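Working through the structure, step by step
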Amino acid sequence: MYRDHTCGELRIGNVGQIVTLAGWVQRSRKLGGMTFIDLRDRYGITQLVVEADAAAELVDVATSLGREYVIQAVGEVVERQSKNPKMPTGDIEIKLQRIHILNKSVTPPFTIEDESDGGEDLRAKYRYLDLRRRPLQRALALRHRIAQEVRNYLDGQGFMEIETPYLIKSTPEGARDFVVPSRMNPGQFYALPQSPQTFKQLLMVAGFDRYMQIVRCFRDEDLRADRQPEFTQIDCEMSFVEQEDVLNMFEGMMRTLFKNVLDVDIPNPLPRMNWFDAMDRYGSDKPDIRFGMTIHEITPLAQGKGFGVFDTAKYVGGICVPGAADYSRKQLDELTEWVKRPQVGAKGLIYIKFNEDGTVKSSVDKFFSPEDLWKIGEALEAKKGDLALILSGDSSRKVQTMLGVLRLEMGSRLGLRDPKVFAPLWIVDFPLFEWDEEENRWNAMHHPFTAPKPEHLDWYLSDKQEDIAKVCANAYDFVLNGNELGGGSIRIHDAKIQQRIFEILGFSQEEAEYKFGFLIHAFQYGAPPHGGLAFGFDRVCALFGGCDSIRDYIAFPKNNQGRDVMIESPSKIDQIQLDELEIELRKPEQESLPRSPRHP
Ligand code: ASP
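The structure reproduced in this document is the subject of the present report. (Residues numbered from 1 in each chain as written. Predicted model: local features only at pLDDT ≥ 70, side-chain atom pairs only at ≥ 80, totals over all residues. Heavy atoms only, no water.)

1. Comments concerning the overall build of the protein
Quick reminder of the rule: Numbering goes from the N terminus for both helices and strands, where a helix is a DSSP run of H or I of at least four residues and a strand is a run of E of at least two. Contact between two residues is taken to exist if any of their heavy atoms lie within 4.5 Å; hydrogens are not considered. Per-residue accessibility takes into account occlusion by the displayed protein chains alone, with areas from the Shrake-Rupley method and a 1.4 Å probe. All tallies of charge rest on Lys and Arg as positive and Asp and Glu as negative; His and the ends of each chain are not included. Lys charges are placed at NZ, Arg charges at CZ, Asp charges at CG and Glu charges at CD.
Scanning the protein from N- to C-terminus turns up 19 helices and 24 strands. Reported as C-alpha extents along the three principal axes, the dimensions of the protein are approximately 90 × 75 × 55 Å. For the protein, contacts bridging at least 24 residues in sequence account for 64% of all contacts bridging at least 6. Total accessible area on the protein is roughly 30500 Å²; 49% of this is exposed by carbon and sulfur atoms. Of the charged side chains in the protein, 75 are positive and 91 negative; the average position of the first set lies 4 Å away from that of the second.

This is the structure:
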């Protein structure tokens, strides 16, 4: 037996026992002739001590230990002279009788402690060492715990976990597919699933009325911060349900997770906000409602006073930052530069300070009287001491979106976005389509299988663009603290409606048949009404862990360039493999490895 206890287990009640531990040497140090060793495993750290008068052989081995050596240690649990209240095992130590070195380690490239001295790239290259660190061990333990809770809850509700294939045909979720060439069918390719969307709908046709899967999805997108090309969803689908049934089921799941994992009670029922309100008031379809500072339109109040920028704008709107009237010239200049960054994209920023003494000061004093400014203040719900920040432009959505970004920034600057505060809500009633200006066509806002609201029948049958624009869906997102954690919809189960939606989306009949014929056919064999949703599992874990980055919650993530720097992937492949796949590269000399014998 390698061990009879873990390194996180022993307490004062174990004093007097002879125990055997195994683990990694985090540190060893000599102090007044004694050797102290911190022995680590995933359960914790236990201090081992070799007394000055111990057998010379033992002292020799103890002093020879390097960082990350794997050892087995036998000794007696004793009460510590100087206790360490910060460690769960801090009341005891092990007075060693024997040490076996199970394996040596070369010097690790960084210190494997809570706070490592290794930079991000180095830690990514040696991810298996980084994963020995407690913060990452905790993160993965949390992930495991959440997965168990999800499975328990959904199992209790009669959901079946069913695996769907990874080598499939394109699923349209708005990203590019990762493709896999088929050797047996030269010139043909599988696509990796962007989600199991079509398969879960086929499972509904097959009668598995409650399906769930914790499943990997693949999307080839330009990687924005904190996106991963492969990520995990909690994917679910239900038959014979309306939107209300789906929302209740998954509100229940999230409530259970919050309670069982974090001991947090979330509101019951959860607030719901319609998509249009979210856009108007928060400039985002994933509003952070931990704080107010909502957006208000002030176009009528801002126009007709001779200020050209406002007079020529289609929309003028603002937010009111509480208690920020004392912002200095320098701070305001900095903020103006900030909104001009490409990430925000504003041309400039107008401010009004509503001073404590009742006076007002603004960057447009020339055009607006104090009374005019206070009227604007009223519309923005400003009080004395507040600062109004105003943007304008020729598209209300664009300006609202910019104000939304500014609002989040001001929320952060004012410390109103505490990760320990949780403010979940549902966003509902999404438009079914969004206009793609570049491509000059309609896109599905969610995906093409989302059902239009039945009461909007006339609009989606109409051939007028303005009618199509008005069609809404029974689609919903679960939003937490400014993040979309999940989303889904009631689906189309009528082959004719599905064909009409494909038509609006610009798929020719042949194209629709080629891409989704299997689904359209399946719908002809008694497809039940159905709907579902998927949660981004990595993000759920990160937010539950109070962390912004999902990378810490994935054992082996990719970096910002979509690379795994540990295994050095993606990488070139062998010419033999290319030949077998009948693939020719445009620049063969650069792009493939030379022919080499196949490994057994
Ligand atoms: N397949 C959708 C997605 O990946 C979720 C759903 O509609 O259930 O976003």
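Continuing now.
2. Let's talk about the pairing of strand β1 (residues 18-31)
Let me state the cut-off plainly: Paired strands are those between which DSSP finds at least two bridges.
As paired strands, β1 and strand β4 (residues 70-79) are joined by seven bridges and run antiparallel to one another. Looking across to β4, one finds that I18 is bridged to E76. Two strands pair when backbone bridges link them, and β1 and strand β2 (residues 34-41) are joined in this way by seven bridges, in the antiparallel orientation. Bridge pairing in β2 places K30 opposite T35. Counted between consecutive antiparallel strands, the loop separating β1 from β2 contains two residues, among which G32 sits at a positive phi close to 50 degrees.

3. Side note on the packing of aromatic side chains
To be explicit about the condition: Stacked, tilted and edge-to-face pairs are distinguished by plane angle, under 30 degrees for stacked and over 60 for edge-to-face with tilted covering the rest, among Phe, Tyr and Trp rings (Trp via its six-membered ring) whose centres lie within 6.5 Å. Relative accessibility thresholds used throughout: buried, under 20% of the residue-type maximum; exposed, over 50%; partly exposed, between the two (1.4 Å probe, protein chains only). Counted as over-ring charges are cases with an Arg CZ or a Lys NZ within 6 Å of the ring centre that also lie within 35 degrees of the ring normal.
With the rule as written, the count across this model stands at 22 aromatic pairs. Summarising the aromatic geometry, the rings of F354 and W374 are spaced 4.7 Å apart at their centres and angled 45 degrees between planes, so their arrangement reads as tilted. Residue F354 is found in strand β14 (residues 350-354), and its partner W374 is found in helix α11 (residues 370-379); the two are separated by 20 residues along the sequence. According to the relative accessible area criterion, W374 is partly exposed, its value standing at 24%. Ring geometry for F449 against F516: centres 5.5 Å apart, planes inclined by 90 degrees, an arrangement best described as edge-to-face. Separated by 67 residues along the polypeptide, F449 in the loop between β19 (441-444) and α13 (457-461) and F516 in helix α16 (residues 509-522) bring together distant segments of the chain. Neither F449 nor F516 differs from the other in exposure class; each is buried. By the ring-pair criterion, three or more aromatic residues cluster together here, those being F159, F250, W426, Y476, F478 and F535. A cation over an aromatic ring shows up here: K125 above the ring of Y126, its NZ or CZ 5.9 Å from the ring centre.

4. With respect to the site of the ligand
Under the convention used in this document: Being near a molecule or strand, for a residue, means having at least one of its heavy atoms within 4 Å of it. Pairs of N or O atoms are called polar contacts if they sit within 3.5 Å, as long as, within protein, a hydrogen donor faces a hydrogen acceptor (for residues adjacent in sequence, only side-chain-to-side-chain pairs).
Around the ligand sit 14 residues, and of these E173, Q197, K200, H446 and R491 come closest. Interatomic distance of 2.9 Å between a side-chain N/O atom of H447 and an oxygen atom of the ligand. Alone, the ligand offers 270 Å² of accessible surface; in the complex the protein occludes 92% of this. Those elements that provide at least two residues to the shell around the ligand are α5 (197-205), β21 (483-490) and β22 (530-536). It is β22 that provides the largest number of residues to the shell around the ligand, a total of three residues.

5. With respect to the pattern of salt bridges
Rules: When a carboxyl oxygen of Asp or Glu is within 4 Å of a side-chain nitrogen of Lys or Arg, the pair counts as a salt bridge.
In total, this model carries 41 salt bridges according to the counting rule given. For R539, the salt bridge goes to D226, with nearest N and O atoms at 3.2 Å. Residue R539 is found in helix α17 (residues 537-544), and its partner D226 is found in the loop between β9 (210-218) and β10 (230-239); the two are separated by 313 residues along the sequence. For the pair R539 and D226, a shared accessibility class is recorded, and that class is buried. As a salt-bridge pair, D386 and K383 come within 3.7 Å of each other at their nearest N and O atoms.

6. Some details on unusual backbone geometry
Going from N268 to P269, the amide bond is cis rather than trans, its omega being -5 degrees. Here P269 lies in the loop between α6 (243-262) and β11 (272-274). The omega angle of the peptide bond from S569 to P570 is 0 degrees, so this bond is cis rather than trans. With respect to the helices, strands and loops of the structure, P570 is situated in the loop between α17 and β23 (573-574). Its identity is not glycine, yet E582 carries a phi of approximately 55 degrees, on the positive side. Along the polypeptide, E582 turns up in the loop between α18 (575-581) and α19 (588-591). Judged by its relative accessible area of 61%, E582 is exposed.

7. Overview of the sheet that holds β10
Under the convention used in this document: The axes used here are C-alpha line fits, helices contributing only the stretch in contact, and every angle between their N-to-C directions lies in the interval 0 to 180 degrees.
If you walk across this open sheet you meet the eight strands as β6-β9-β10-β22-β21-β20-β17-β11, and the pairing is mixed. Two strands in the sheet have a free side with no partner beyond their single neighbour: β6 (160-161) and β11. Where β6 lies against β9, two bridges are found, and the strand directions are parallel. Within β9, the position partnered with M160 by the bridge is Y211. Contacts between helix α4 (residues 134-156) and the sheet are confined to β6, β9 and β10, with β9 contributing the most and set at about 150 degrees to the helix.

Nothing here speaks to function; it is geometry throughout.
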